[in-house]
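Here are the chains, one letter per residue:
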Amino acid sequence: MTSSPEFKPSDAAPTFQRALPGINFGRAWTVALIMFSIAFAGWELKWRAFGAEPTSRSSDGSWATQRRRIDHGEGNRTVLLGASRILFDVQLPVWEQALGERPIQLAIEGTSPLPMLEDLAGNKNFTGRLLVGVSPDVFFTGFGYREGVVEFHRKETLAQRAGQWLSLHFVEPFFAFYDDDFKLMTVLKRQPWPTRTGVKTLLEVRKLTIQDADRNTTMWSKVENDPAYRELCRTVWAQGFDLPMPGLETPADFERVAHAQIDRAVAAVTTLRKRGVPIIFVRPPSIGPYLAVENRDFPRAKSWDLLLARTGLPGIHFEDYPELQGYESPEWSHLSAGAAARFTGALCGILKREHGW
């Protein structure tokens, strides 16, 4: 039997100790601040050179801020619902000058107005007037890109409200890069990365608007004046013209889904009319290939005409009024800033002349 020799402390390898260098925290923070400032300024200047400018964000918080006005004493005001065409095409200052009241803008891009219509139907604080925009591809499919804003409004925390207030007053008025379209991860995602064979990548909707604090929205001048950017925006729309939505593969599918959305409208309208709320549907302009696809998928007799017949409400369709036609629509779906102002004036004239608004 063998045994190991007795271990003695003196036999251990010598311990290496390295003195940590002293840290000058003041200098470290100064270097970090300088590097951050250079990167921050560079990112801001990049987007300024691209044509961006400071603008209020179309966030859930900004929508909720306007929605709360109804519960805080302004329930008798005119409210605008709809998708992006009502948001872009109806200019609040022009409306105010024409009809003496600045409406509450609750239209939201890419989203059916029906969840918002149902929300107001269930809110006894609302007793004003209601204009509801009808974009066929959104309204009659119930598409809800941002329908979560209604639930956000109901559950918004004090911290979220505070964040929205700080953003609105101390960030959005000063920085052009503060836009979802200019997020670093969004920009990286848009790069021409290699894709797997057979996998088709769809282009995402790009920045289209400039927005004020009360959600008055106009088309971004780059869409109007930059031919390459305008063509990119058209390409984004065109890629969906022949791409079927799930559950909407046949004309019968379109008709079935449209009937379901009209049923929702009838139920909400019935409740609102019992409260004496005047409601008008408006079909804003679209042109070119976009209009052709809407007419193909949602024939007027089976969509717009049926909506008015079943709700018993009046409607203003741009094809029925010469003064609502012939406006510049750079990417086929929304009006340019100048055209939107003229369109709003013409629309208000019809509302005043034919509906007593």
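Before any of the text, the structure's been laid out above.
Quick caveat, the model's predicted, so the values are computed rather than measured.

(A) A look at the side chain of lysine 207. Tracing the backbone through its elements, the reader meets lysine 207 in the loop between helix 9 (184-189) and strand 4 (209-211). The class for lysine 207 is buried, based on a relative accessible area of 6%. Of the polar contacts made by the side chain of lysine 207, one reaches the backbone oxygen of threonine 209; its length is 2.8 Å. Once residues within four sequence positions are removed from consideration, lysine 207 is found in contact with Thr55, Asp179, Asp181, Phe182, Trp220, Val223 and Tyr229.

(B) The arrangement of empty space enclosed by the protein in detail. Scanning the model with the defined rule gives 1 cavity of 30 Å³ or more in all. Of the pockets and cavities examined, the largest cavity occupies roughly 100 Å³. Lining of the largest cavity is provided by 14 residues; of these, Pro136, Arg283, Phe298, Arg300 and His317 occupy positions nearest its centre. It is helix 13 (residues 288-297) that contributes the most residues to the lining of the largest cavity, 3 residues altogether. Here the residues of the lining of the largest cavity sort into 7 nonpolar, 3 polar and 4 charged.

(C) Spotlight on the side chain of asparagine 216. Mapping asparagine 216 onto the fold places it in the loop between strand 4 and strand 5 (217-219). Residue classification places asparagine 216 among the buried positions, given a relative accessible area of 4%. For asparagine 216, the side chain forms a polar contact with the main-chain nitrogen of leucine 92, separated by 2.7 Å. If we ignore the near neighbours within four places in the chain, the residues touching asparagine 216 are Val90, Gln91, Leu92, Pro93, Arg102, Ile210 and Gln211.

(D) Looking closely at helix 2 (residues 60-71). Taking 1.5 Å per residue, 12 residues should reach 16 Å; helix 2 reaches 17 Å between its end C-alpha atoms and fits that length. All of the buried residues in helix 2 are Gly61, Ser62, Trp63, Ala64, Gln66, Arg67, Arg68 and Ile70.

(E) Expanded view of the nonpolar core. Ranked by size, the top nonpolar core spans 47 residues in total, and within it Trp95, Leu131, Ile316, Leu324, Leu347 and Leu351 carry the most contacts. Breaking this core down by element, the ones donating at least two residues are helix 3 (84-89), helix 4 (92-99), helix 11 (227-238), strand 6 (279-283), helix 13 and helix 15 (337-355). A total of 8 residues in this core trace back to one element, the largest contributor, which is helix 15. Non-local contacts of isoleucine 316, meaning those with residues more than four positions away in its chain, are made with Ile280, Phe281, Val282, Arg283, Trp304, Tyr321, Leu324, Leu347, Ile350, Leu351 and His355. In terms of nonpolar packing, the next biggest core, distinct from the first, is built from 38 residues, Val132, Ile262, Val266 and Leu313 among them.

Calculation notes
- Residues numbered from 1 in each chain as written.
- Predicted model: local features only at pLDDT ≥ 70, side-chain atom pairs only at ≥ 80, totals over all residues.
- Heavy atoms only, no water.
- Helix = DSSP H or I, 4+ residues; strand = E, 2+ residues; numbered from the N terminus.
- Buried < 20%, exposed > 50% of the residue type's maximum accessible area, 1.4 Å probe, protein only.
- Polar contact = N/O pair within 3.5 Å; in protein donor to acceptor, adjacent residues only side chain to side chain.
- Contact = heavy atoms within 4.5 Å.
- 1 Å grid on protein atoms, 1.4 Å probe; cavity = no way out; pocket = protein on both sides within 12 Å on 5 of 7 lines; lining within 4 Å.
- Points joined across faces, edges and corners; volume = space filled by probe spheres on them.
- Nonpolar A, V, L, I, M, F, W, Y, C, P; charged D, E, K, R; others polar.
- Expected span 1.5 Å × (residues − 1).
- Core = buried A, V, L, I, M, F, W, Y, C linked by side-chain atoms within 4.5 Å.

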